[in-house]
Amino acid sequence: MASTAPIGVFDSGLGGISVAREIRRDMPNEQVLYFGDSANAPYGTKTPEQVRELSFAIVDRFVKQGVKAIVIACNTATSAAADALRDVYDVPIIGMEPALKLACDRGQGHRQRVIVAATPLTLRERKFAVLMDRFKSDHTIFPDPCPDLVEIVEQGRLDDHDLVMRTLHGYFDQYDLSTIDSVVLGCTHFVFYRDYFRELLPDSAAIIDGNPGTVRHLRVVLESLGTLAPDHAIGGIELANSDTSERIAELADALLHR
Ligand code: DGL
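Since the structure is predicted, the reported quantities are computational estimates derived from the model, not experimental observations.

Criteria and thresholds
- Residues numbered from 1 in each chain as written.
- Predicted model: local features only at pLDDT ≥ 70, side-chain atom pairs only at ≥ 80, totals over all residues.
- Heavy atoms only, no water.
- Salt bridge = Lys/Arg side-chain N within 4 Å of Asp/Glu carboxyl O.
- Helix = DSSP H or I, 4+ residues; strand = E, 2+ residues; numbered from the N terminus.
- Buried < 20%, exposed > 50% of the residue type's maximum accessible area, 1.4 Å probe, protein only.
- Pairing = 2+ DSSP bridges.
- Axes fitted to C-alpha atoms, helices over the stretch in contact; angles between N-to-C directions.
- Expected span 1.5 Å × (residues − 1).
- Arc of directions from axis to C-beta.
- Contact = heavy atoms within 4.5 Å.
- UniProt positions renumbered as here; feature names shortened; annotations may be inferred.

Caption draft 1: The arrangement of the pattern of salt bridges in detail. Within this structure, the stated rule accounts for eleven salt bridges. In this structure, the salt-bridge partner of Arg 219 is Asp 26, at a minimum N-O distance of 3.6 Å. One end of the pair, Arg 219, is in helix H10 (residues 211-225); the other, Asp 26, is in helix H1 (residues 17-26), with 193 residues separating them in the sequence. What makes Asp 26 partly exposed here is its relative accessible area of 35%.

See the structure below:
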């Protein structure tokens, strides 16, 4: 595959734009084809079978477009579909999972209290159970499904401060937040809430997302295959969406430049 071929990046909707931004920041020579499936969002409240079917259709589209790698910029689709996709397609497929390891490692051997905010499907799937098993005996982990945070982004209501803070309090007032060491943003939509989480949490609590790690992994994979874009290549992000309305196009563009 030519090193100048694009990278396909997809999500159930607009959340994966937070990953596309990170790719642009870290690897400005890469050309990214972003596909958001907002017409079918959210994925987090669907069955694994439904999410697999939707993911296959998107990957098929990317393969026809000649991408050199695919990033599943969606923890939910990764849980439900990554293994099945890798069984079928030769193109390298990079997935995501809640960055729980990063949160636990921060403790340097001390027991951490970690909230993992993600979609209901991510938290129900086997992949997350395996992740929990690695860390739950040494740390206190609170998995918390937060589907409304996906809807707020998709509805373009992220700037509604009162709505967002009310929603966050609805999910997190059950905890004594002064005892929490970190919150893992285990859904790419949630990365856009970083400032709101900062407002909610005491300074002592870290806010952790998996985007930088995913992009580092992407770089390693491309490097190992010799398909990193050359320094003279002109990179960029092309946004596409299954919801072809003007509203979604404007929202996607605003998130990309947020
Ligand atoms: N952005 C997605 C994730 O990272 C899923 C959101 C959804 O559609 O429920 O899990």
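Having seen the model, we can carry on.
Caption draft 2: Region of interest: the sheet that holds strand S5 (residues 113-118). The four strands lie next to each other as S6-S5-S7-S8, forming an open sheet whose pairing is parallel. Each edge of the open sheet is held by one strand with a lone partner, namely strand S6 (140-145) and strand S8 (206-209). Here the average twist between neighbouring strands, direction ignored, is 20 degrees. Both S5 and strand S7 (residues 182-185) contribute to a ladder of four bridges, which runs parallel. Across the sheet, Val 114 pairs through a bridge with Ser 182, a residue of S7.

Caption draft 3: Quick look at helix H2 (residues 48-64). Taking 1.5 Å of rise per residue, 17 residues should cover 24 Å, and H2 covers 24 Å from first to last C-alpha, within 8% of that figure. When H2 is considered as a whole, its buried residues turn out to be Pro 48, Val 51, Leu 54, Ser 55, Ile 58, Val 59 and Phe 62. The buried residues of H2 occupy an angular sector of 135 degrees when the element is viewed end-on, so they sit on one face. Counted as exposed and oriented over 90 degrees from the buried face of H2: Glu 53, Ala 57 and Lys 64. Those residues of H2 that are buried lie in contact with strand S1 (7-11), strand S2 (31-36), strand S3 (69-72), helix H3 (75-88) and helix H5 (120-124). The first or second residue beyond H2 is Gly 66, which carries a positive phi of 75 degrees.

Caption draft 4: Expanded view of the UniProt feature "active site" (unreviewed entry) in the chain. Under the UniProt annotation, "active site" (unreviewed entry) lies at Cys 74 and Cys 187. For the residues just named, distributed over 114 residues, the greatest C-alpha separation is only 6.5 Å, placing them together at one site. If you trace the backbone, Cys 74 turns up in the loop between S3 and H3. Non-local contacts of Cys 74, meaning those with residues more than four positions away in its chain, are made with Phe 10, Asp 11, Ser 12, Tyr 43, Met 96 and Thr 188. Relative to the elements of secondary structure, Cys 187 occurs in the loop between S7 and helix H9 (194-200). Looking at Cys 187, the relative accessible area reads 6%, which means it is buried. Residues contacting Cys 187, with those up to four places away along its chain left out, are Asn 75, Ala 117, Ala 118, Thr 119 and Val 150.

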